[in-house]
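Here is what each chain is made of, one letter per residue.
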Amino acid sequence: MFFGMPFLISLVPGVIVLFITWWLRKKNISLFIKLVPCLLTVISSLVIFYVSLEFIRGFEGAAYGILAFFLLGFGVAAYFLATNSRHPVKK
């Protein structure tokens, strides 16, 4: 329960970020626009982690820290999804 609930809570915004990054990757737009969802996710996870350490503390703060860790994982996955371009080699 201690790891399950923060994971399930982070699953909803994480899947939304991955879907938006995938959708932006399908369009021919700049790399910066593709990186916006993952950058916002990483920034929000760092803010949540800081708040969990500084203001909340205790077991509830640890749960928020675990939530921030899972959101950071989704942000990193979105980064690799945005920067990885698998185009076939044209001959």
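All values derive from a computational prediction rather than experimental measurement. (Residues numbered from 1 in each chain as written. Predicted model: local features only at pLDDT ≥ 70, side-chain atom pairs only at ≥ 80, totals over all residues. Heavy atoms only, no water.)

1. Quick look at the side chain of S45
Item 1. Take S45: it is sitting in helix α2 (residues 31-56).
Item 2. Assessed through its relative accessible area of 2%, S45 is described here as buried.
Item 3. For S45, the side chain forms a polar contact with the main-chain oxygen of V42, separated by 2.8 Å.
Item 4. Other than its neighbours up to four places away in sequence, S45 contacts A68, L71 and L72. (Helix = DSSP H or I, 4+ residues; strand = E, 2+ residues; numbered from the N terminus. Buried < 20%, exposed > 50% of the residue type's maximum accessible area, 1.4 Å probe, protein only. Polar contact = N/O pair within 3.5 Å; in protein donor to acceptor, adjacent residues only side chain to side chain. Contact = heavy atoms within 4.5 Å.)

2. Thoughts on the packing of aromatic side chains
Item 1. On inspection of all chains with the given rule, the structure shows 6 aromatic pairs.
Item 2. Ring geometry for F2 versus F3: centroids 5.8 Å apart, planes at 85°, classification edge-to-face.
Item 3. Their ring planes at 65° and their centres at 5.5 Å tell us that Y79 and F80 sit as a pair that is edge-to-face.
Item 4. In this structure Y79 comes out as partly exposed when scored by relative accessible area, which is 38%. (Phe/Tyr/Trp six-rings, centres within 6.5 Å; stacked < 30°, edge-to-face > 60°.)

3. Notes on the environment of P37
Item 1. With respect to the element layout, P37 can be found in helix α2.
Item 2. Taking C-alpha positions, P37 is 6.0 Å from V17, a pair spaced 20 residues apart along the chain.
Item 3. Leave out the neighbours within four places in its chain, and P37 touches V17, I20, T21 and L24.

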